[in-house]
Amino acid sequence: MRLGTLAVHAGQTPDPTTGAIMTPVFCTSTYVQEYPNVVKDGHDYSRGKNPTRTALQDNLAALEGGRFGLCFSSGLASIHTVITALCKPGDRIVCGNDLYGGTFRLFRKVFEPYGITLDVVDSTDLDALAAALQQPAKVLWLETPTNPLLNITDLAAAAELGHKAGAVVCCDNTFATPYLQRPLELGCDLVMHSTTKYLGGHSDVIGGALVVNDEKLHEQLAFLQFAVGAVPGPQDCFLLLRGTKTLHVRMQRHCENAAVIASWLGEHPKVSKVYYPGLPTHKNHAVAAQQMKDFGGMISFVLKGSVEDGMAMTARTKVFALAESLGGVESLIEHPPSMTHASIPAEQRRASGLDDGLIRLSVGIEDVDDLLADLEQAIEG
Ligand code: PLP
């Protein structure tokens, strides 16, 4: 089946007792046993297994074209699980240089003190990546498109380099979603999502997910999901299942609106730089066109003038809400250096090309003319 059909149906069958077409929200912590340890289909305690969560996990695995899905209470909890499963003190992670700030914070402040080292490299530069992977690494952590500069890494080429270094190649597919890009099919071993974003799509849930093909890797991750217990509740799983049903329709509109806005910003006399992989001027446009179906709903740009001018502009929009996060149906605007990426040291931010005046848009599915008018009035002040 194709993605749109999988989005609506995968992992879900009508409830056998009532015929309810929607997956029930199994608000239960435990399950009655017929005899000690005689349980129905592995259901003994909801941290281990919950039918609403199972439906979501199967749905996400199908969307990513993978065999196994695992859901977590946040995107960061899912990344934490990956590193805990794969690394021990003395091991090495290689990662891209433009990741979500919280991912860097987790690697630097939580794992480095345990002796798990981190080497940061521009993963869009395959020579630099090859050089970093001369030494063995346990994990190659990639994000593409990146947050917030929308850099694109060639996943097939990077996966090959990662495998030569013995690494498990992981891709944070939060920005692209499986509608635009399926990393497992491009050679990655693991796909990670902050389901908080496009998969949920309505800014009403915090969640994370992992999808893998390898049975042993799945077992390691599933063990930690159970043993650590950072699992999502059934209500959140239900909301996420409701979100994924419209993923393909929403993504199509996000992409259409973003393409119009990116071109408009590109020609605006008060805008000095636009980052959008769909623009032919984007440095990785060719790779994006090759590995993605379309170019997504995220745009970053820099206004001419001072950093303060840019920050003031973000407070003037009326349709775009000034807020962190992304991927919901409503448009958001933010200032990454002081908001989502403030946890990255300023020198590292600037070295990776993140301008102090950068503004990021999560373009929603509203009428694009209203979005353009809102940006125009905010830029003009
Ligand atoms: N990865 C990316 C690309 C993100 O944008 C985020 C959050 O913004 C995360 C991971 C972390 O996910 P969560 O906030 O669900 O823990």
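Residues numbered from 1 in each chain as written. Predicted model: local features only at pLDDT ≥ 70, side-chain atom pairs only at ≥ 80, totals over all residues. Heavy atoms only, no water.

(A) View of the packing of aromatic side chains. Scanning all chains against the criterion turns up one aromatic pair. Ring geometry for Phe107 versus Trp141: centroids 6.1 Å apart, planes at 85°, classification edge-to-face. Taken together, the residues Phe107 in helix H4 (residues 101-111) and Trp141 in strand S4 (residues 139-143) connect sequence positions 34 residues apart. We classify Trp141 as buried; its relative accessible area is 0%. Looking at Arg47, its charged tip hangs above the ring of Phe226, at a distance of 5.1 Å from the centre. Seen from the ring of Tyr275, Lys273 lies directly overhead, with NZ or CZ sitting 5.1 Å from the centre. (Phe/Tyr/Trp six-rings, centres within 6.5 Å; stacked < 30°, edge-to-face > 60°. Helix = DSSP H or I, 4+ residues; strand = E, 2+ residues; numbered from the N terminus. Buried < 20%, exposed > 50% of the residue type's maximum accessible area, 1.4 Å probe, protein only. Lys NZ or Arg CZ within 6 Å of the ring centre and 35° of its normal.)

(B) Inspection of helix H12 (residues 307-314) at higher detail. Along H12, the residues that are buried comprise Gly310, Met313 and Thr314. Down the axis, H12 shows its buried residues gathered within 100° of arc, on one side only. (Arc of directions from axis to C-beta.)

(C) Region of the structure containing the pairing of strand S6 (residues 190-194). For S6, the tally of buried residues reaches five of five residues, placing the bulk of the element in the interior. Burial along S6 is two-sided: the face carrying Leu190, Met192 and Ser194 and the face carrying Val191 and His193 are both buried. The pairing of S6 with strand S7 (residues 208-212) spans five bridges and is classified as antiparallel. Note on S7: the bridge partner recorded for Met192 is Leu210. (Pairing = 2+ DSSP bridges.)

(D) Inspection of the layout of surface pockets at higher detail. Estimates place the volume of the largest pocket at around 340 Å³. Taken together, 21 residues line the largest pocket, and the ones lying closest to its centre are Leu76, Tyr100, Ser194, Thr196 and Lys197. Residue assignment for the lining of the largest pocket shows that the elements contributing at least two residues are helix H3 (75-86) and S6. Counting residues per element, the lining of the largest pocket draws most heavily on H3, which supplies three residues. Here the residues of the lining of the largest pocket are counted per class, giving seven nonpolar, nine polar and five charged. (1 Å grid on protein atoms, 1.4 Å probe; cavity = no way out; pocket = protein on both sides within 12 Å on 5 of 7 lines; lining within 4 Å. Points joined across faces, edges and corners; volume = space filled by probe spheres on them. Nonpolar A, V, L, I, M, F, W, Y, C, P; charged D, E, K, R; others polar.)

(E) Looking closely at the site of the ligand. Surrounding the ligand, one finds 14 residues, the nearest of these being Gly75, Asp172, Ser194, Thr196 and Lys197. In the model, an oxygen atom of the ligand is placed 2.9 Å from a nitrogen or oxygen of the Leu76 main chain. Contact distances for the ligand include 3.2 Å between an oxygen atom and a side-chain N or O atom of Asn147. The fraction of the free accessible surface of the ligand (390 Å²) that becomes covered by protein chains is 92%. If you map the ligand onto the pockets, it falls in the largest pocket. In terms of residue class, the shell around the ligand is built from four nonpolar, seven polar and three charged. (Near = heavy atom within 4 Å. Polar contact = N/O pair within 3.5 Å; in protein donor to acceptor, adjacent residues only side chain to side chain. Areas by Shrake-Rupley, 256 points an atom, 1.4 Å probe, with all protein chains shown as cover. Sits in = over half its atoms within 2 Å of the grid points.)

(F) Examining the packing of helix H2 (residues 51-63) against helix H9 (residues 234-244) more closely. One way to put it is that H2 packs onto H9 with a least axis distance of 8 Å and a crossing angle of 35°. Considering only the axes of H2 and H9, their crossing is left-handed. Listed contacts from H9 to Thr52, Arg53, Ala55, Leu56, Asn59, Leu60 and Leu63 of H2 are Pro234, Cys237, Phe238, Leu240, Leu241 and Thr244. Classifying every residue of the contact of H2 with H9 by side-chain character gives nine nonpolar, three polar and one charged. (Axes fitted to C-alpha atoms, helices over the stretch in contact; angles between N-to-C directions. Left-handed = near helix turned anticlockwise from the far one by under 90°. Contact = heavy atoms within 4.5 Å.)

(G) The arrangement of helix H8 (residues 215-228) in detail. Across its 14 residues, H8 extends 20 Å between first and last C-alpha, which sits within 8% of the 20 Å expected from 1.5 Å per residue. Within H8, the full set of buried residues consists of Leu217, His218, Leu221, Leu224 and Gln225. Each buried residue of H8 lies within a common arc of 130° when the element is viewed along its axis, so the set occupies one face. With respect to the buried face of H8, the exposed residues turned more than 90 degrees away are Lys216, Glu219 and Phe223. (Expected span 1.5 Å × (residues − 1).)

(H) Main features of the nonpolar core. One finds Ile261, Leu265, Ile299, Phe301, Met313 and Leu361 to be the most contacted residues of the largest nonpolar core, which totals 58 residues. Looking at which element gives the most residues to this core, the answer is helix H10 (residues 247-266), with seven residues. For this core, the domains that each give at least three residues are domain 1 (3-244) and domain 2 (247-380). (Core = buried A, V, L, I, M, F, W, Y, C linked by side-chain atoms within 4.5 Å. Domains from an automatic or database assignment.)

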